[in-house]
Structures are given as structure tokens and as C-alpha cells.
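So you can see what is in the structure, the chains are spelled out below.
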Amino acid sequence: TIRLVVAELLRHVSLNALESKGVIERWFPAACYAEMNHMSNKVIGDLASRQFSLFPQGDDADEVRAYFGEGIALFFNFYTTLIRSMKWPAGLAVFVVLVRDYRPWGISLNMANTVQVFYGGVVIVWGMWFVTY
């Protein structure tokens, strides 16, 4: 049945016509490979020089908006803010894992589990705050 559907679509849709009218490039951003590759290199940059600090940059949003449109740029800005804001819960997670696994200062396993549950609550509250503001 898939072959029948494909055959019927090919009778009504011409790939060459879609390409000549710019439909392919407008709806499928990767169709314009040279421009996509240039933007990818500018936005991501050289991975070797940014090994640990590979965070999206806010100033790249204009180029993303120009290429993909307003909707993708809005998501890109949200994603940039989210990734940058997650540094604080991630830093706190390192502390919680150290407390849970190594139990410094002679704390009990019960107390280490309490710290882990408290951290879970902090992350939930942080997530609600982040989405709200």
C-alpha cells in the first residue's frame, strides 16, 4: 500500500517544480546546505576551542531568526536561557552527589538521603520559577 501512495503522490507532485519555486528551501532549511553550514559554524563555532563551555550564545539569535524564522528563534532564545540557568542546579547536584556517596562530616545515610530529597524539591521549585519568569 505504501507503493501505491508514493505512486499517487508522484503523479500529482513534481519535485523539480517544488525546487524551482523555492518551496524546498523555504520549508526544509537543510536544503540550502552552504548557508546552513556557514550558520552552523558561526553559531556552534570551533568545537575544539570550546570543549567545556559549549553554551549557546544569545547574540546568535539574530542569525537563527534570519534563517529559520521567528518561531525557531524564540525556541533558540528559550533554550539558551534554560541552558545558562541550569548551571546553578548542576553545581548543586555535584555537592548533593558528593554528600550522598561519600557522606562527609560523618553524616548518616538517612541524612544523606534527606539532602537528596531536598535537592529534588529545590529542582522542582527552580523549574517552576524558571518557566514562570
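That block above? That's the structure.
Residues numbered from 1 in each chain as written. Predicted model: local features only at pLDDT ≥ 70, side-chain atom pairs only at ≥ 80, totals over all residues. Heavy atoms only, no water.

### Here we look at the overall build of the protein chain
And step 1. Along the backbone of the protein chain there are eight helices and zero strands.
And step 2. Secondary structure of the protein chain in N-to-C order comes out as α-α-α-α-α-α-α-α.
And step 3. Buried residues in the protein chain amount to 17% of all 133 residues.
And step 4. The long-range share in the protein chain, meaning contacts at least 24 apart out of those at least 6 apart in sequence, stands at 43%.
And step 5. A total accessible area of about 10600 Å² is found for the protein chain, and carbon and sulfur atoms account for 67% of it. (Helix = DSSP H or I, 4+ residues; strand = E, 2+ residues; numbered from the N terminus. Buried < 20%, exposed > 50% of the residue type's maximum accessible area, 1.4 Å probe, protein only. Contact = heavy atoms within 4.5 Å. Areas by Shrake-Rupley, 256 points an atom, 1.4 Å probe, with all protein chains shown as cover.)

### Here we look at the packing of aromatic side chains
And step 1. With the rule as written, the count across this model stands at four aromatic pairs.
And step 2. When the ring of F78 is compared with that of F130, the centres are 5.7 Å apart and the planes differ by 50°; the resulting orientation is tilted. Of this pair, F78 sits in helix α6 (residues 70–85) while F130 sits in helix α8 (residues 109–132), placing them 52 residues apart in sequence.
And step 3. Classification of F78 by relative accessible area gives partly exposed; the value is 41%. (Phe/Tyr/Trp six-rings, centres within 6.5 Å; stacked < 30°, edge-to-face > 60°.)

### A word on the nonpolar core
And step 1. Among the nonpolar cores identified, the biggest contains five residues, and these are V96, V99, A112, V115 and Y119.
And step 2. Taken together, the elements giving at least two residues each to this core come down to α7 (87–102) and α8.
And step 3. No other element matches α8, which puts three residues into this core.
And step 4. The residues contacting V96, other than those within four sequence positions of it, are V115, Q116 and Y119. (Core = buried A, V, L, I, M, F, W, Y, C linked by side-chain atoms within 4.5 Å.)

### Here we look at a nonpolar patch on the surface
And step 1. Together, I2, V6 and L10 make up an exposed nonpolar region whose accessible area comes to about 320 Å².
And step 2. Assessed through its relative accessible area of 66%, I2 is described here as exposed. (Patch = residues over 30% accessible without salt bridge, like charges linked within 9 Å, V, L, I, M, F, W, Y side chains within 5 Å. Salt bridge = Lys/Arg side-chain N within 4 Å of Asp/Glu carboxyl O.)

### Here's the deal with the pattern of salt bridges
And step 1. One pass over the structure, following the stated rule, counts four salt bridges.
And step 2. With its nearest N and O atoms 2.9 Å apart, the salt bridge here joins R65 to D62. Here R65 and its partner D62 are both found in helix α5 (residues 61–68), three residues apart, which amounts to about one turn of the helix.
And step 3. Judged by relative accessible area, which is 54%, D62 ranks as exposed.
And step 4. Look at the salt bridges and you will find they share partners, linking D62, R65 and E70 into a network.

### What about unusual backbone geometry?
And step 1. Non-glycine residue W105 carries a positive phi angle of around 60°.
And step 2. Tracing the chain through its elements places W105 in the loop between α7 and α8.
And step 3. Residue W105 is classed as exposed on the basis of its relative accessible area of 70%.

### Some remarks on the packing of α5 against α6
And step 1. Where α5 meets α6, the closest approach of the two axes is 7 Å, and the angle between their N-to-C directions is 150°. Considered as vectors, α5 and α6 are oriented roughly antiparallel to each other. In this structure, the crossing between α5 and α6 has a hand that is right-handed. In this structure, α5 contributes A61, V64, R65 and F68 to the contact, and α6 contributes E70, I72, A73, F76 and N77.
And step 2. Residue composition of the contact of α5 with α6, grouped by class: six nonpolar, one polar and two charged. (Axes fitted to C-alpha atoms, helices over the stretch in contact; angles between N-to-C directions. Parallel < 35°, antiparallel > 145°, perpendicular 65-115°, else oblique. Left-handed = near helix turned anticlockwise from the far one by under 90°. Nonpolar A, V, L, I, M, F, W, Y, C, P; charged D, E, K, R; others polar.)

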